Amino acid sequence: MNKKIIFISKYDNTLNGANKIKNKMDNCDILVIEDFNKDLNINHSNIYFLCNTPLINKIVKRLETEFSKIPDLVIKKINLSIFKTMYVIYLETVSSSNKVNDYILKNIILKKDEINKNNISSYIAAPNTLEIKNVDECEFYLTNGFSLVIIQDKIYAIETRADISRAVSNSEVESSINGPKDAFTENIQINIGLIKRRIKSSTLKTESRTIGRKTLTNISILYFEDIADANLVNNLLKKIDTIDIDGIVDSSSLGFLLGDEENSVYPTFIETERPDNVATFLMEGKIAIVVDTSPFVLIIPAFFIDFVNPVIDNYNKSKNVNFIKILRISAFLISMMAPAIYIAIMNYNQETIPTNLLLNFAIQRGGVPFPTIIETLLMLIVCEILRESDLRFPLSYGSAISILGAIVLGEASVSAGIASPITIIVIAITFISSLTFTTIEINNALRFFRFVFILLSGLFGLYGITLGLFYFLIYTTTTNSFGKPYFAPISPFNKEYFNNTVLKKTLRKDTRRSTLFTHKNIVKQKEDL
């Protein structure tokens, strides 16, 4: 770079003279000053080298250009002396003005005569201060609530984040009678803190990444170094590093990018709002991904049985909860196949039910103008609409509206002869059974297989249901979740995980981790208890 030299001789001793020097200094690299007065605190003729001043101005001008038309950008200029200027820059919408004042401005204003680029960090009272080597990183730190302090060729980032996250509240989606009640928030630091509040071990490692060209979303990958499969961790990190997208605003978006959503109707990752669930999964050898601005944490890998029998069953006695686990599996099968069985019996296989019951069904369907399959599909579509309205309506009156709609429509359909009472009963049982599962994605998969069974039973009767069962088993067993078989621990069978999910053994006998997730540190409890 070509140096520009300004020669100034015999300036007057007024403040105007000092301002002239300052104006010259801002536009040059080397300032030669001769024959100064003592009133300007210069005792004799000398030469001052001011090579860093243009660099400061360039950084500030660059930030002003990048953040143009952004009114919340604050640039505070502090003159430390005639020849030294410091800049404090922050976004007031994501930074706390009180923290900026307490951490930075108070000490600097009081002791600005002592401050220089080498000792500035010792005058900043913030708990987290970083020196920025690359100017390109300034945007990231500013948008994440940091304040920038620029003095000569030094740039420091001071954490002054504003508290704009909600407080920890009760779990709403995965509520349970027993167990902890706290749930994640949209703040990544709070969420990691809720996890580490339960797990106090130095082997719990955290890998941090930033995703999104526009959103610059912080994510953290948590796993136990001495438990989790190293290959699974490395493969997951490689996948994350290859993501190039404008933005991630929720953890589900990241899950879809990692889990190849086009390959299966099943959810291949768990989204949980409960820190206790995350702690349990981590100790089993799974991996957790915490995404900033999202109150749901991803758990990888996930299996079919994880959505049917959730982790909160661990808060109940094994003998009591095993009945509930079997009931849930039965509810899944009923919700998937009940309409198809009804269609098959009414259209093709009447001999499979008692004659008196068949006559009752025939009498009830006497005035219905539609075939059984059309009647069933119409009622299923109406129930799907009611379910969707229940999800979208505010909680205060959503359920009341859906219940009222179901009663009115069901009664009106029977009275008008559009549907028979037995059809209404079958559809009601189907949807009540599906309410057992709180995860929307597993309900969507259940809906997919329900319509497959209805189509096959409408074409082939009970033989079609047999074909549907084969299709369901083949589809599920060939699905993978991050390289792991999705239908585990049933196929392939794994004793340890089977006794943790399909059924529950007593806590004293739950001594070993599943080899589905790890082949090291298998023993999690002394086996002679």
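Residues numbered from 1 in each chain as written. Predicted model: local features only at pLDDT ≥ 70, side-chain atom pairs only at ≥ 80, totals over all residues. Heavy atoms only, no water.

### What to know about the confidence of the model for the protein chain
Rules: A score between 0 and 100, pLDDT records how confident the predictor is in each residue. In what follows, a contact means two residues having at least one pair of non-hydrogen atoms within 4.5 Å.
Looking at the protein chain as a whole, its pLDDT mean stands at 83, while 86% of the residues score no less than 70. Scored below 50 in pLDDT, residues 1–19 shows 44 contacts in the model against residues more than four places distant or in partner chains. Note on residues 24–55: pLDDT is under 50 here. Beyond four places in sequence and across chains, it has 75 contacts.

### What about the sheet that holds strand S6 (residues 129–131)?
How we decide: Only strands joined by at least two bridges in the DSSP assignment are considered to pair. Numbered from the N terminus, helices here are DSSP runs of H or I no shorter than four residues, and strands are runs of E no shorter than two. In this description, a line fitted to the C-alpha atoms serves as the axis of each element, helices being fitted only across the stretch in contact, and the angle between N-to-C directions of two axes falls anywhere from 0 to 180 degrees.
Ordered in space as S4-S5-S7-S8-S6, the five strands form an open sheet in which the pairing is antiparallel. With partners counted over all chains shown, the strands left at the sheet margins are strand S4 (73–79) and S6, one partner each. The average undirected angle you get between the axes of adjacent strands in this sheet is 20°. Both S4 and strand S5 (residues 85–91) contribute to a ladder of seven bridges, which runs antiparallel. Within the sheet, the bridge partner assigned to Lys77 lies in S5 and is Tyr87. Contacting S4, S5, strand S7 (146–151) and strand S8 (154–159), helix H3 (residues 97–110) crosses the sheet at an angle of about 175° to S5.

### Here's the deal with the nonpolar core
Inside soluble globular proteins, nonpolar side chains tend to come together where they are buried. This is how it is decided: By nonpolar core we mean a set of buried residues, namely Ala, Val, Leu, Ile, Met, Phe, Trp, Tyr and Cys, connected to one another through side-chain atoms within 4.5 Å. Between buried and exposed lies partly exposed: a residue is buried under 20% and exposed over 50% of the maximum accessible area for its type, with that area taken using a 1.4 Å probe on protein chains only.
Residues Ile195, Tyr266, Val278, Leu282, Phe304, Met336 and Phe472 are the most contacted members of the largest nonpolar core, which totals 48 residues. Non-local contacts of Val278, meaning those with residues more than four positions away in its chain, are made with Phe184, Ile195, Thr272, Ala288, Val297 and Ile299. Within the second largest apolar cluster, 21 residues are counted, among which are Ile219, Leu258, Val291 and Leu298.

### Remarks on a negative patch on the surface
Put simply, the test is: Here the term patch refers to residues with relative accessible area over 30% and no salt bridge, with like charges joined within 9 Å and nonpolar side chains (Val, Leu, Ile, Met, Phe, Trp, Tyr) within 5 Å. Only the protein chains shown count as covering a residue, and every accessible area follows the Shrake-Rupley method with a 1.4 Å probe. The salt bridge criterion pairs a side-chain nitrogen of Lys or Arg with a carboxyl oxygen of Asp or Glu, the two atoms within 4 Å. For the charge count, each Lys or Arg is scored as positive and each Asp or Glu as negative, with His and the chain ends excluded. Think of each charge as sitting on NZ of Lys, CZ of Arg, CG of Asp or CD of Glu.
Taken together, the side chains of Asp260, Glu261, Glu262 and Glu441 present a region of like negative charge at the surface. Looking at where Glu262 falls in the secondary structure, it is placed in the loop between helix H7 (251–259) and strand S11 (270–272). The exposed category is assigned to Glu262, whose relative accessible area is 64%.

### Some remarks on helix H12 (residues 372–392)
Rules: Residue count minus one, scaled by 1.5 Å, sets the expected span of a helix.
Taking 1.5 Å of rise per residue, 21 residues should cover 30 Å, and H12 covers 31 Å from first to last C-alpha, within 8% of that figure. Taken residue by residue, H12 has Thr372, Glu375, Thr376, Met379, Leu380, Glu384, Leu386 and Arg387 as its buried positions.

### A look at the packing of H12 against helix H14 (residues 421–434)
Applicable threshold: In these notes the angle categories are as follows: under 35 degrees is roughly parallel, over 145 is roughly antiparallel, 65 to 115 is roughly perpendicular, and the rest is oblique. We call a crossing left-handed when the near helix sits turned anticlockwise from the far one by less than a right angle, and right-handed when that turn is clockwise.
Running from amino to carboxyl end, H12 crosses H14 at an angle of 40°, the nearest separation of the two axes being 10 Å. Accordingly, the angle class assigned to the pair H12 and H14 is oblique. Crossing of H12 over H14 shows right-handed handedness. Each of Glu375, Thr376, Met379, Leu380, Cys383, Glu384 and Arg387 in H12 lies in contact with H14, whose residues at this interface are Thr423, Ile424, Ile427, Phe431 and Ser434.

### Thoughts on the packing of aromatic side chains
Here is the rule: Pairing of aromatic rings covers Phe, Tyr and the six-membered ring of Trp, with a centre-to-centre limit of 6.5 Å; geometry is then stacked below 30 degrees between planes, edge-to-face above 60, and tilted otherwise.
Summed over all chains, the structure comprises 22 aromatic pairs. Note on Tyr266 and Tyr486: the rings are 4.9 Å apart at their centroids and 35° apart in plane angle, and the pair reads as tilted. With a gap of 220 residues between them, Tyr266 in the loop between H7 and S11 and Tyr486 in the loop between strand S15 (484–485) and helix H17 (495–498) connect regions that are remote in the sequence. The two residues Tyr266 and Tyr486 agree in class, both being buried.

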